[in-house]
Amino acid sequence: MSNAYEKLALYIDGEFCEGEGRVEQAVLDPATGQTIGKLPHASRADLDRALAAAQRAFTTWRHVSPTERGALLRKVGQLSRDRSQEIGRNITLDQGKPLAEAVGEVLRCADHCDWHAEEGRRIYGRVIPPRLPNVRQFVLREPIGVCAAFTPWNFPFNQAIRKIAAAIAAGCTIILKGPEDSPSAVVAIARLFHEAGLPPGVLNVVWGVPHEVSEYLIASPIVRKVSFTGSVPVGKQLAALAGSHMKRITMELGGHSPVIVCADAEVERAATMLSAFKFTNAGQVCVSPTRFYIEEPAYDRFMAKFIELTRGIKVGAGLESSTKMGPLAHERRVTAMSEFVEDARTRGARVEAGGERIGNSGNFFSPTVLTAAPDDSKIMQMEPFGPIASCVPFKDLDNVIQRANSLPYGLSSYAFTSNTRNALRIQNGVEAGMVNINHFGQALPEAPFGGVKDSGIGSEGGTETFDGYLVTKFVTQMD
Ligand code: NAD
């Protein structure tokens, strides 16, 4: 296994292109602030080459059999498993998460490759009974064409592989702009597909100033579909732009996940599970639990355990084996966290754990628990996308379900209860793309992942995974 950081590059028409006179951007280690690599930006000519390559490759890739496409994806899955340590180490270096989390992310993606490889063989059309005896009528589902995808830095391997696997298994070709702050994972993905024998142009990886690249690609008549994972404001901009060019979209946007802990739940178990889950990836997770509503009789018990566990989380560089939570991915997230805490404090909230930056170098922020933050505070309204949990008591389940639904977000949600009637009220009442009751079970390749309301449009994973990558063609034929 090599200890050198990934050689950063563009990947266009089957070739890796490094600096070679292009604008380059420094990539920093969030644990130290040191430069660890230089990322080349795509020029207009590079973007045009990527568009042309993806367009050309589509004419043949769309006709490659699903079995053959699946075999290639399975090969990539196996290569990801074989290289998970090396790729994971580089993710830790440029994104900050603990090594075990980074390696786990790569291994879970191998599962995404395998699942899409299989499911791609089940992209069925249908036969519609005709009105005349000499007519046959069919519905065909065909790949939409060239896709433009934009993926973020929090799960840099996972967010990219989900889009690539779905596009490629469906017979589409794809140009992907990954996260410039944490680029190694996407370059590694391009290397795996290259090594597995993907034909040139089916996958292209570009980098640059995000809005310049997305505006150029989305406006191109070659691109037929736009897929984005990131914040709600950027998602709305890209969706509007795609709409103005009448392009299909899949939007995986932010969340502000509510957690409802009923008094009849196994309260200590819930606190233990939630403390571990909340601070995974330093809370930089779109489905991270954020608003914790605890039923009054269980409030003190829950809080005692949750605060104790949160205070005990070891924060440090992701490559240190004792680290449970790494630095935030970049400096601007540290500033954002301080602003959330300050706003809550001035509105009367209490800081029960953490609440501040740690040290002067690296982007470390302590795991933070707030109580008594009012509903109009920033933390109760806006996605923190970081290690802050805000906890308040509740009295009435129907009322708390209304509060859970009161924000424009609708991505994930969590509840703990041992009463099946309460579980039913929660799963029926909460407006969210995903509801997890008594455990965390989302984000599996075989299950749909996506949000409602401002949290997005469309799903990734599950049998829904191909919906955004296929067009419907009705064929009617008379003998
Ligand atoms: P940001 O909104 O500037 O960027 C988020 C991601 O979108 C980055 O990867 C960025 O490169 C990309 N991006 C930004 N503008 C773009 C554009 N015009 N075209 C294409 N891509 C664009 O915010 P940030 O400071 O990097 O991250 C913080 C916010 O991002 C969080 O508040 C969170 O809501 C959101 N985010 C969400 C997810 C998710 O999984 N849904 C992941 C990462 C970040």
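Residues numbered from 1 in each chain as written. Predicted model: local features only at pLDDT ≥ 70, side-chain atom pairs only at ≥ 80, totals over all residues. Heavy atoms only, no water.

- An unreviewed UniProt entry lists the protein chain under the name Succinate-semialdehyde dehydrogenase/glutarate-semialdehyde dehydrogenase, with Ottowia thiooxydans as the source organism.
- Word for word, the UniProt comment on the protein chain under Sequence similarities (unreviewed entry) is "Belongs to the aldehyde dehydrogenase family." (UniProt positions renumbered as here; feature names shortened; annotations may be inferred.)

## Observations concerning the packing of aromatic side chains
Line of reasoning, step 1. Applying the stated criterion across every chain yields a total of 8 aromatic pairs.
Line of reasoning, step 2. When the ring of tryptophan 153 is compared with that of phenylalanine 385, the centres are 5.4 Å apart and the planes differ by 85°; the resulting orientation is edge-to-face. With tryptophan 153 in the loop between β7 (146-150) and α5 (156-170) and phenylalanine 385 in the loop between α12 (378-381) and β16 (388-394), the pair connects residues that are 232 residues apart, well separated along the chain.
Line of reasoning, step 3. Assessed through its relative accessible area of 14%, tryptophan 153 is described here as buried.
Line of reasoning, step 4. In this structure phenylalanine 385 comes out as buried when scored by relative accessible area, which is 14%. (Phe/Tyr/Trp six-rings, centres within 6.5 Å; stacked < 30°, edge-to-face > 60°. Helix = DSSP H or I, 4+ residues; strand = E, 2+ residues; numbered from the N terminus. Buried < 20%, exposed > 50% of the residue type's maximum accessible area, 1.4 Å probe, protein only.)

## Here's the deal with the domain arrangement of the protein chain
Line of reasoning, step 1. Taken as a whole, the protein chain is organised into domain 1 (10-253 + 455-478) and domain 2 (257-444).
Line of reasoning, step 2. For domain 1 and domain 2, the distance between their C-alpha centroids amounts to 31 Å.
Line of reasoning, step 3. Residue-level contacts link 20 residues of domain 1 with 29 residues of domain 2.
Line of reasoning, step 4. Approximately 1,900 Å² of surface area, both sides summed, lies buried where domain 1 meets domain 2, with 57% of it carried by carbon and sulfur atoms.
Line of reasoning, step 5. When residues of domain 1 are sorted by the area they lose upon contact with domain 2, Pro30, Trp153 and Ser455 head the list and together hold 27% of the total.
Line of reasoning, step 6. Where aspartate 181 meets arginine 332, a salt bridge forms, and the shortest distance between an N and an O atom there is 3.0 Å.
Line of reasoning, step 7. Taken together, the connections running from domain 1 to domain 2 amount to 10 residue pairs in polar contact (both at pLDDT 80 or more).
Line of reasoning, step 8. Residue contributions to the side of domain 1 that touches domain 2 peak at 4 residues, all from helix α3 (residues 84-95). (Domains from an automatic or database assignment. Contact = heavy atoms within 4.5 Å. Buried area = accessible area lost by both parts, 1.4 Å probe. Salt bridge = Lys/Arg side-chain N within 4 Å of Asp/Glu carboxyl O. Polar contact = N/O pair within 3.5 Å; in protein donor to acceptor, adjacent residues only side chain to side chain.)

## Focus on the UniProt feature "domain: Aldehyde dehydrogenase" (unreviewed entry) in the protein chain
Line of reasoning, step 1. Per the UniProt annotation, the sites labelled "domain: Aldehyde dehydrogenase" (unreviewed entry) are residues 24-475.
Line of reasoning, step 2. End C-alpha atoms of residues 24-475 are separated by 50 Å, and the span's content is 41% helix alongside 21% strand.

## Some remarks on the site of the ligand
Line of reasoning, step 1. Residues in contact with the ligand amount to 24 residues; listed here are only the nearest, Trp153, Ser214, Ser231, Arg332 and Glu383.
Line of reasoning, step 2. Here glycine 230 contributes a backbone N or O atom positioned 3.3 Å from a nitrogen atom of the ligand.
Line of reasoning, step 3. The separation between an oxygen atom of the ligand and a polar side-chain atom of arginine 332 is 2.9 Å.
Line of reasoning, step 4. Protein chains shield 86% of the accessible area of the ligand, which is 800 Å² for the free molecule.
Line of reasoning, step 5. Taken atom by atom, the bulk of the ligand overlaps the largest pocket.
Line of reasoning, step 6. Broken down by secondary-structure element, the contributors of at least two residues to the shell around the ligand are α7 (210-219), β10 (223-229), α8 (232-244) and α11 (331-346).
Line of reasoning, step 7. The leading source of residues in the shell around the ligand is α7, at 3 residues.
Line of reasoning, step 8. Considered class by class, the residues forming the shell around the ligand number 9 nonpolar, 9 polar and 6 charged.
Line of reasoning, step 9. If you count residues domain by domain, the shell around the ligand takes at least three from each of domain 1 (10-253 + 455-478) and domain 2 (257-444). (Near = heavy atom within 4 Å. Areas by Shrake-Rupley, 256 points an atom, 1.4 Å probe, with all protein chains shown as cover. 1 Å grid on protein atoms, 1.4 Å probe; cavity = no way out; pocket = protein on both sides within 12 Å on 5 of 7 lines; lining within 4 Å. Sits in = over half its atoms within 2 Å of the grid points. Nonpolar A, V, L, I, M, F, W, Y, C, P; charged D, E, K, R; others polar.)

## Remarks on the sheet that holds strand β14 (residues 350-353)
Line of reasoning, step 1. If you walk across this open sheet you meet the 7 strands as β14-β15-β16-β13-β12-β17-β18, and the pairing is mixed. Of all the strands in the sheet, just β14 and β18 (434-437) have a single pairing partner and so form its edges. Ignoring which end each strand starts from, the neighbouring axes of this sheet average 25° apart.
Line of reasoning, step 2. Pairing of strand β12 (residues 257-261) with strand β17 (residues 412-416) involves 3 bridges; the strand directions are parallel. By the bridge assignment, valine 259 is partnered in β17 with tyrosine 414.
Line of reasoning, step 3. Across the sheet, helix α9 (residues 267-278) touches β12, β13 (289-295), β16 and β17, and the angle it forms with β13 is around 165°. (Pairing = 2+ DSSP bridges. Axes fitted to C-alpha atoms, helices over the stretch in contact; angles between N-to-C directions.)

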